[in-house]
Amino acid sequence: MQTSSADPKSSEKEATSSDFKNLQAEAERVVVPGFDGATAWLNVDHALTMKELAGHVVVVDFWTSCCINCLQTLPTLAAIEDRFANDPVVVVGVHSPKFDAETERARLSDAVRQYSIKHPVAVDGSMKVWNAWGVDAWPTVVVLDTKGRAVWVGSGEPDRETLALIVTSALAEGK
């Protein structure tokens, strides 16, 4: 998965949601492979599919519970969930472990509770989702348009306002 060529921080101060241009061009968008390969899900009662997420802007967070940058991204994701609570926006975590101990479901469940993660979390203990999406860093955040195509990809901790502008733009485009 390739990062958007535009630098989201370069125009964040002067940009508004109506003129924000950092979404991947439509012709360059890639339909993501979904979450096949996740061995379990937390915070939901079933495995989420791309079909059921159609019509929503989806913010996918590839994280691991031992990564400080991943943990520092969680408040940004919670802010996105709060800010867009009345809109068709879904945050989905994909926990792809860095160390063997992180594959233990009980340990991951404890981390989800400890950090007050409310969004669905796919358990990617075998790294199948990670590999299918071509992710190579923790954290990686991917924003999908309402058709399930990647419109923005960022590695590292995303800027809260930049991420909100990207979600706002994807929502506006989807209407």
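Residues numbered from 1 in each chain as written. Predicted model: local features only at pLDDT ≥ 70, side-chain atom pairs only at ≥ 80, totals over all residues. Heavy atoms only, no water.

**Describing the overall build of the protein**
Going by this rule: Helix numbers and strand numbers start at the N terminus; a helix is a DSSP run of H or I with at least 4 residues, a strand a run of E with at least 2. Burial status follows relative accessibility: with a 1.4 Å probe on protein chains alone, a residue under 20% of its type maximum counts as buried, one over 50% as exposed, and anything between as partly exposed. Contacts: residue pairs with any heavy atoms within 4.5 Å of one another.
Of regular secondary structure, the protein possesses five helices and six strands. For the protein, the succession of helices and strands along the chain, N to C, is β-α-β-α-β-α-β-α-β-β-α. The proportion of buried residues among the 175 residues of the protein is 50%. Taking contacts inside the protein between residues at least 6 apart in sequence as the whole, the part at least 24 apart equals 76%.

**Some remarks on the sheet that holds strand β1 (residues 40-42)**
To keep it simple, the criterion reads: Strand pairing is assigned whenever DSSP detects at least two bridges linking the two strands. Every axis corresponds to a line fitted to the C-alpha atoms, with the helix fit spanning only the stretch in contact, and the corresponding angles, defined between N-to-C directions, vary from 0 to 180 degrees.
One open sheet accounts for six strands, arranged β1-β4-β3-β2-β5-β6; its pairing is mixed. Where the open sheet ends on each side, the last strands, each with one partner, are β1 and β6 (150-155). Averaged over all adjacent pairs, the angle separating strand axes in this sheet is 20°, with direction ignored. In this structure, strand β2 (residues 57-63) lies alongside strand β5 (residues 140-144), joined through five bridges in antiparallel fashion. By the bridge assignment for β5, Val 58 is matched with Leu 144. Lying on the sheet, helix α3 (residues 105-114) is in contact with β1, β2, β3 (89-95) and β4 (121-123); it crosses β1 at an angle near 20°. With respect to the sheet, helix α5 (residues 160-174) is in contact with β2, β3, β5 and β6, its orientation differing from that of β2 by roughly 145°.

**A short note on the packing of aromatic side chains**
Rules: What counts as a ring pair is set by centres within 6.5 Å for rings of Phe, Tyr and Trp (its six-membered ring), and what kind of pair is set by the plane angle: stacked under 30 degrees, edge-to-face over 60, tilted for all other angles.
Counted according to the given criterion, the structure contains five aromatic pairs. Relative to Trp 130, the ring of Phe 62 has its centre 6.4 Å away and its plane inclined at 75°; by these criteria the two rings are edge-to-face. Linking Phe 62 in strand β2 with Trp 130 in helix α4 (residues 128-133), this pair joins segments that are 68 residues apart in sequence. Neither residue differs from the other here; Phe 62 and Trp 130 are each classed as buried. Ring geometry for Phe 62 and Trp 133: centres 5.2 Å apart, planes at 65°, overall edge-to-face. Residue Phe 62 is located in strand β2, and its partner Trp 133 is located in helix α4; the two are separated by 71 residues in the primary sequence. Accessibility classification places Phe 62 together with Trp 133 in one group, the buried group.

**Looking at the pairing of β5**
It is a general feature of regular strands that their side chains alternate between the two faces of the sheet. Of all the five residues making up β5, five are buried; the element is thus mostly covered by neighbouring parts of the structure. Alternating residues of β5 divide into Thr 140, Val 142 and Leu 144 and Val 141 and Val 143, and every residue in both groups is buried. Linking β5 back to β6 in an antiparallel pair, the connection comprises five residues, with Gly 148 at a positive phi of about 80°.

**A word on the pairing of β6**
In terms of burial, β6 is largely enclosed, as five of its six residues are buried. Here β5 runs beside β6; their pairing, made up of five bridges, is antiparallel. Considered in β6, the bridge of Thr 140 is made with Ser 155.

**A short note on the environment of Gly 55**
Mapped onto the elements of the fold, Gly 55 is located in the loop between α1 (50-53) and β2. For the pair formed by Gly 55 and Leu 171, sequence separation is 116 residues and the distance between their alpha carbons is 9.4 Å. Setting aside residues up to four positions removed in sequence, Gly 55 forms contacts with Pro 88 and Thr 146.

**Considering helix α2 (residues 68-83)**
Rules: Take the residue count of a helix, subtract one, and multiply by 1.5 Å to get its expected span.
Between the first and last C-alpha of α2 there are 24 Å, a value that for 16 residues agrees with the 22 Å anticipated at 1.5 Å per step. Those residues of α2 that sit buried are Cys 70, Leu 71, Thr 73, Leu 74, Thr 76, Leu 77, Ala 79 and Ile 80. Contact partners of the buried residues in α2: β2, β3, β5 and α5.

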